[in-house]
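Fold and geometry: a report
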Amino acid sequence: MSTAKHNAADDLRERMFELGRAARAAAAVLAQASPDLKRRVLEAAADDLRRSRAAVLAANAEDVAAAKSHGLSAAMIDRLALDDKRIEATAAGLETVAALEDPVGQVMAEWQRPNGLNISRVRVPLGVIGIIYESRPNVTADAAALCLKSGNAAILRGGSESARSSAAIHACLARALAKHNLPETAVQMVPTQDRDAVGIMLRDMGSFIDVIVPRGGKGLVARVQQDARVPVMSHLEGICHTYVHAGADLEMARRITKNAKLRRTGICGATETILIDRACMATHLQPIVKDLIDAGCEVSGDVRTQSSDKRVRAAVDSDWGQEFLDAIVAIRVVDGLDEALAHIRRYGSAHTDSIVTDDAAAAARFLNELDSAIVMHNASTQFADGGEFGMGAEIGIATGKIHARGPVGAAELTSYKYVVRGTGQIRP
């Protein structure tokens, strides 16, 4: 490595370490902040975001124009784009998080030992959370809000395609913190789009960052899992399934499948594969396929699905287990609940899967036997969202099994400690 490159790498590492030191100091302050103070900060951030709507939209317009010039897909641009409705939803999300019960200090369990010791398990912040995400600028607000609510400092590294939008939103949060005399360094944006900065976060900042949360595509998550020397809370692919069981009401099945696929195709909760029971194929398959194709969705299917509509293209092996993130869906006819479960276990990502049926026994088996982070009955997979779960927002949908699963809200960004109170006991 040349001297110039060596010096540049050292400079970047030191800049990142400065972020880490500032975040660690801010986390100590936030851990002691009162619930009322954190609530007021988040409400102020929501007000500032609404007042700054024009500036945020102008920044976003520049991001969208650059994304189009670089040939980003329609799905990626949809994730990136903001409008009045999305800004209002982001501001409302900040207010919802503000109004939630504060998790810090909650007594999760308490008991008395025969020797008189009183032991309680109490929620505490994780400390400093690094969030690495891609094109959605609203994640800047969602992640910051949840970290603040749970008493954690945040280091945010958004994608280059949303850099201007994220910076404009971050400015609202920084002003709200300063207004209430909390350190602005409680929420920091990585000040460079240099990809080496991500490597430094993952490999070199274990003394500053307590957990990394990647929120993005398969490539991003794979890199984080491979390189991280910091604990990772993974948000993997959203290969979601909707299974139309033999006992499904036709009209309900049509509404749910169309919404689950097409409401927003670029989100992780969008259904990517629809399974239809052979027992209701004669009545349900053709209407569902027609609804989707007529709405502009490309359908790939097995032989039986192809026979329902000449516009269906033949599915290839890679269609099963594919996260399309677009108006494309794979449809397969299955021979009953057991085959549906087997298909989902083989090709799914343990994110969100739904069954449509009026058969209570079949629904119970699906909900009990399928080990996905979110399982649903008679509901669109697009409800796989922290806001829809009443959490105000989410950092992501955790698909692992350690620490947190499903939507990661404020409570999931805490750990716990044991508090032991005695009256002079000593151990014999």
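Structure's up top.
Residues numbered from 1 in each chain as written. Predicted model: local features only at pLDDT ≥ 70, side-chain atom pairs only at ≥ 80, totals over all residues. Heavy atoms only, no water.

**Concerning the overall build of the protein chain**
Just so we agree on the cut-off: Numbering of helices and strands starts at the N terminus; helices are DSSP runs of H or I of at least 4 residues and strands are runs of E of at least 2. Here the globule rule is a power law, 2.2 Å times the number of residues to the power 0.38, and the radius of gyration is based on C-alpha atoms. Per-residue accessibility, obtained with a 1.4 Å probe over protein chains only, is compared with the maximum for each type, and a residue is labelled buried under 20%, exposed over 50%, and partly exposed between these values. Exposure was quantified through the Shrake-Rupley algorithm and a 1.4 Å probe, taking into account, for residues, occlusion by the shown protein chains and nothing else.
Looking only at helices and strands, the protein chain features 14 helices and 16 strands. Expected size for 428 residues packed as a compact globule is a radius of gyration near 22 Å; at 24 Å, the protein chain falls within 12% of this value. Based on the C-alpha atoms only, the size of the protein chain along its principal axes is roughly 70 × 65 × 45 Å. Within the protein chain, buried positions represent 52% of all 428 residues. Here the protein chain has roughly 18,500 Å² of accessible surface; of this, 51% comes from carbon and sulfur atoms.

**Description of the sheet that holds strand β2 (residues 118-125)**
Short version of the rule: Only strands joined by at least two bridges in the DSSP assignment are considered to pair. Axis lines are fitted through C-alpha atoms, for helices just across the contact stretch, and the angle between N-to-C directions can take any value from 0 to 180 degrees.
Read across the sheet, three strands follow the order β1-β2-β16 without closing on themselves; strand pairing throughout is antiparallel. Only two strands of the sheet have a single neighbouring strand rather than two, namely β1 (107-112) and β16 (414-421). With strand direction ignored, the average angle separating the axes of adjacent strands in the sheet is 20°. As paired elements, β1 and β2 share five bridges and run antiparallel to each other. Considered in β2, the bridge of Glu110 is made with Ser120.

**Quick word on the state of the cysteines**
Disulfide: a covalent bond formed between the sulfur atoms of two cysteine residues. We apply this condition: By definition, disulfides here are pairs of cysteine sulfur atoms that lie within 2.5 Å.
Counting across every chain of the model gives zero disulfides. In this structure Cys172 is not part of a disulfide, and its nearest cysteine sulfur, from Cys147, lies 17 Å away. Cys280 carries a free sulfur, and the closest cysteine sulfur to it, the one in Cys297, is 19 Å from it.

**A word on the pairing of β2**
Of all the eight residues making up β2, seven are buried; the element is thus mostly covered by neighbouring parts of the structure. Joining the antiparallel neighbours β1 and β2 is a turn of five residues, in which Gly116 adopts a positive phi near 95°. Pairing geometry for β2 and β16, over eight bridges, is antiparallel. By the bridge assignment for β16, Arg123 is matched with Tyr416.

**Topic: helix α10 (residues 250-262)**
We count it as follows: A helix is expected to span 1.5 Å multiplied by its residue count minus one. This arc is taken over the directions from the axis of the helix to the C-beta atoms. Contacts were defined at the residue level, with two residues in contact if any of their heavy atoms lie within 4.5 Å. What qualifies as a polar contact is a pair of N or O atoms within 3.5 Å, subject to a donor-acceptor requirement within protein and to the restriction that residues adjacent in sequence count only when both atoms come from side chains.
Over its 13 residues, α10 runs 18 Å from end to end, which matches the ideal 18 Å to within 8%, given 1.5 Å per residue. All of the buried residues in α10 are Ala253, Ile256, Thr257, Ala260 and Lys261. Seen end-on, α10 carries its buried residues on one side only, within an arc spanning 115°. Buried residues in α10 make contact with β7 (240-244), β8 (271-277), α11 (281-294), β11 (328-334) and β12 (352-356). Capping of α10 at its N-terminal end is provided by Asp249; its side-chain oxygen lies 3.3 Å from the backbone amide nitrogen of Glu251.

**What to know about the packing of helix α3 (residues 53-69) against helix α5 (residues 84-99)**
Here is the rule we go by: Comment on the angle field: the value is read as roughly parallel under 35 degrees, roughly antiparallel over 145, roughly perpendicular from 65 to 115, and oblique elsewhere. Each helix crossing is assigned a hand: it is left-handed if the near helix lies turned anticlockwise from the far helix by less than a right angle, otherwise right-handed if that turn is clockwise. Amino acid classes used here: Ala, Val, Leu, Ile, Met, Phe, Trp, Tyr, Cys and Pro are nonpolar; Asp, Glu, Lys and Arg are charged; the rest, including Gly, are polar.
The geometry of α3 relative to α5 is characterised by a closest axis approach of 11 Å and an angle of 120° between their N-to-C directions. On the basis of their axis angle, the class for α3 and α5 is oblique. Crossing handedness for the pair α3 and α5: right-handed. Between α3 and α5, the contacting residues are Arg53, Val56 and Leu57 on the first element and Asp84, Ile87 and Glu88 on the second. Tallied by class, the residues present in the contact of α3 with α5 amount to three nonpolar, no polar and three charged.

**Comments concerning the packing of aromatic side chains**
The geometry of an aromatic ring pair is captured by the separation of the ring centres together with the interplanar angle, meaning the angle of the planes. The criterion, for reference: We call Phe, Tyr and Trp rings a pair once their centres come within 6.5 Å, taking the six-membered ring for Trp, and we label the pair stacked below 30 degrees between planes, edge-to-face above 60, and tilted otherwise.
Within this structure, the stated rule accounts for four aromatic pairs. Note on Phe17 and Phe208: the rings are 5.4 Å apart at their centroids and 55° apart in plane angle, and the pair reads as tilted. Placement of the pair is Phe17 in helix α1 (residues 3-30) and Phe208 in the loop between α8 (196-204) and β6 (211-215), with a sequence separation of 191 residues. For the pair Phe17 and Phe208, a shared accessibility class is recorded, and that class is buried. Measuring from ring centre to ring centre gives 6.3 Å for Trp111 and Tyr418, while their planes differ by 75°; the resulting arrangement is edge-to-face. Here Trp111, found in strand β1, pairs with Tyr418, found in strand β16; they are 307 residues apart in sequence, far enough to count as distant. A relative accessible area of 44% means that Tyr418 is categorised as partly exposed. By the ring-pair criterion, three or more aromatic residues cluster together here, those being Trp111, Tyr416 and Tyr418.

**Comments concerning the nonpolar core**
A general trend in soluble globular proteins is that nonpolar side chains are found buried together. The criterion, for reference: Here, nonpolar core means buried Ala, Val, Leu, Ile, Met, Phe, Trp, Tyr and Cys residues that are tied together by side-chain atoms lying within 4.5 Å of each other.
Counting 74 residues, the largest nonpolar core has Leu94, Ile131, Ile155, Met201, Met205, Ile209 and Ile395 as the members making the most contacts within it. Ranked by size, the runner-up nonpolar core spans 19 residues in total, among them Val244, Ile276, Leu292 and Val356.

**Considering the sheet that holds β6**
The parallel open sheet is built from four strands, whose spatial order is β5-β4-β3-β6. Of all strands in the sheet, those with a lone pairing partner are β5 (187-189) and β6, marking the two edges. Strand-to-strand twist in this sheet, taken as the mean axis angle between neighbours without regard to direction, amounts to 20°. Helix-sheet contacts for helix α6 (residues 138-149) involve β3 (128-133), β4 (153-157), β5 and β6, and the interaxial angle to β3 is about 165°.

**What to know about the side chain of Asp353**
What counts here: Charged residues are defined narrowly, with Lys and Arg counted positive, Asp and Glu counted negative, and His plus the chain ends left uncounted. Salt bridges are defined as contacts in which a side-chain nitrogen from Lys or Arg sits within 4 Å of a carboxyl oxygen from Asp or Glu.
The residue Asp353 is located in strand β12 in this model. Despite its burial, Asp353 remains without a salt bridge, the nearest opposite charge being carried by Arg405 at 8.7 Å. For Asp353, the side chain forms a polar contact with the side chain of Ser372, separated by 2.6 Å. Apart from residues no more than four positions distant in its own chain, Asp353 is found in contact with Ile239, Cys240, His241, Ile344, Phe366, Leu370, Ser372, Ile374, Val375 and Met376.

**Focus: α11**
Residues spaced three or four apart along an α-helix point in a common direction, a consequence of the helix completing one turn every 3.6 residues. With 14 residues, α11 extends 19 Å from end C-alpha to end C-alpha; this agrees with the ideal 20 Å at 1.5 Å per step. Turning to α11, its buried residues number three or more, namely His284, Leu285, Pro287, Ile288, Val289, Asp291, Leu292 and Ile293. Turning to α11, the residues buried within the fold contact β7, α10, β8, β9 (298-301), α12 (303-306) and β11. Within two residues after α11, Gly296 carries a phi angle of roughly 95°, on the positive side.

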